[in-house]
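Given next are the chains, with one letter for each unit.
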Amino acid sequence: LAGPAPLWVTLLLAGAVLAYDGGLKQTLLGPLAMGLCRALNWLLGLAVVPLGGLVWLLAAPVLFYTMAVTVLASAETRDGDRAAVFGAALLLATSALAVLALHLTGLLTDPIALALAAVAAGLVLRRLARLAGPPGGGPSAIAVRGAVGLLLLGMIPLDALLLAGAGQWPAAGA
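Definitions and limits used
Residues numbered from 1 in each chain as written. Predicted model: local features only at pLDDT ≥ 70, side-chain atom pairs only at ≥ 80, totals over all residues. Heavy atoms only, no water. Helix = DSSP H or I, 4+ residues; strand = E, 2+ residues; numbered from the N terminus. Rg over C-alpha atoms; globule rule 2.2 N^0.38 Å. Buried < 20%, exposed > 50% of the residue type's maximum accessible area, 1.4 Å probe, protein only. Contact = heavy atoms within 4.5 Å. Areas by Shrake-Rupley, 256 points an atom, 1.4 Å probe, with all protein chains shown as cover. Lys, Arg positive; Asp, Glu negative; His and termini not counted. Charge placed at Lys NZ, Arg CZ, Asp CG, Glu CD. Expected span 1.5 Å × (residues − 1). Core = buried A, V, L, I, M, F, W, Y, C linked by side-chain atoms within 4.5 Å. Patch = residues over 30% accessible without salt bridge, like charges linked within 9 Å, V, L, I, M, F, W, Y side chains within 5 Å. Salt bridge = Lys/Arg side-chain N within 4 Å of Asp/Glu carboxyl O. Axes fitted to C-alpha atoms, helices over the stretch in contact; angles between N-to-C directions. Parallel < 35°, antiparallel > 145°, perpendicular 65-115°, else oblique. Left-handed = near helix turned anticlockwise from the far one by under 90°. Nonpolar A, V, L, I, M, F, W, Y, C, P; charged D, E, K, R; others polar.

Some words on the overall build of the chain
- When helices and strands are tallied, the chain shows seven helices and zero strands.
- Starting at the N terminus and walking to the C terminus, you meet the elements of the chain as α-α-α-α-α-α-α.
- Taken over C-alpha atoms, the radius of gyration comes to 17 Å for the chain, in line with the 16 Å a tight globule of 174 residues would show.
- Seen through its principal axes, the chain has C-alpha atoms that stretch 55 × 40 × 25 Å.
- The proportion of buried residues among the 174 residues of the chain is 39%.
- For the chain, long-range pairs separated by at least 24 residues make up 73% of all intrachain contacts whose partners lie at least 6 apart in sequence.
- Accessible area of the chain: about 9200 Å², with a carbon and sulfur share of 74%.
- Charge-centre separation for the chain: the mean point of 8 positive side chains lies 7 Å from the mean point of 6 negative side chains.

Shown next, in the form of structure tokens:
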């Protein structure tokens with residue numbers, strides 16, 4: 001009833017899930033595959049309305065954020081993996097820049113949501129900086145697991161901030 005777009009997004013999502021579970025999970029492409037799964041899932045909700053032009057870019061912050069969580073989660077079972085923390089921080093910063101880019105393109109227009117997103121990005125990046133620890137040290141696996149849990153919960157406010165940025169405050173609040 002909604003046209004071919006939801007079907008195509010569903011097929012792409014199914015392909016991404018099969019690729020991730022079929023072997024990409026344990027490779028360097030694992031975070032990208034998981035990010036695509038989450039971004040395509042997010043776009044599936046948008047696909048029921050006509051989408052054109054740059055609207056597909058609305059899922060970019062979700063893609064990079066999910067990649068960050070996946071990179072950090074790779075260090076949940078070993079102590080001292082600063083590279084995973086720095087990789088996650090870089091991807092989280094990229095997610096924040098994607099939100100800013102969406103505002104600059106006019107896809108997101110609410111300045112309050114942009115300000116809230118900037119505060120949230122700062123808080124999360126500060127948490128990761130503390131997690132990395134002083135030079136020569138590194139995070140414990142327990143601390144990484146706690147940060148991953150926090151980032152997983154952070155997906156909810158990210159979704160809400162993207163909705164609010166598009167002026168959909170009631171939906172964002174829900």
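Some thoughts on helix α2 (residues 30-46)
- Its 17 residues place the ends of α2 25 Å apart at the C-alpha level, agreeing with the 24 Å of an ideal helix rising 1.5 Å per residue.
- Burial in α2 covers these residues: Gly-30, Pro-31, Ala-33, Gly-35, Cys-37, Arg-38, Ala-39, Leu-40, Trp-42 and Leu-43.
- Taken together, the buried residues of α2 touch α1 (4-21), α3 (60-73) and α6 (141-165).

What to know about the nonpolar core
- Judged by nonpolar contacts, the single largest core of 43 residues is most densely connected at Tyr-65, Leu-72, Leu-128, Leu-131 and Leu-162.
- At the level of secondary structure, the elements contributing two or more residues to this core comprise α1, α2, α3, α4 (82-105), α5 (111-132) and α6.
- Ignoring any residue separated from it by four or fewer positions in sequence, one finds Tyr-65 in contact with Leu-92, Ser-95, Leu-151, Gly-154, Met-155 and Leu-158.

Focus: a nonpolar patch on the surface
- On the surface, a nonpolar cluster with roughly 350 Å² of combined accessible area is contributed by Leu-7, Trp-8 and Leu-11.
- By relative accessible area, Leu-11 is classed as partly exposed at 47%.

Thoughts on the packing of α2 against α3
- Running from N to C, α2 and α3 point in directions that differ by 140°, and their axes come no closer than 8 Å. Put simply, α2 runs oblique to α3. Seen along the crossing, α2 lies across α3 with a hand that is right-handed. Of the residues in α3, those touching α2 at Gly-30, Pro-31, Leu-32, Met-34, Gly-35, Leu-36, Arg-38, Ala-39 and Trp-42 are Val-62, Leu-63, Thr-66, Met-67, Thr-70 and Val-71.
- Split into classes, the residues belonging to the contact of α2 with α3 amount to ten nonpolar, four polar and one charged.

Things to note about the pattern of salt bridges
- Tallied over the entire structure, the rule returns three salt bridges.
- Residue Arg-38 is joined to Asp-159 by a salt bridge in which the shortest nitrogen-to-oxygen separation is 2.8 Å. Of this pair, Arg-38 sits in helix α2 while Asp-159 sits in helix α6, and the two are 121 residues apart along the sequence. Summarising the burial analysis for this pair, Arg-38 and Asp-159 share the class buried.

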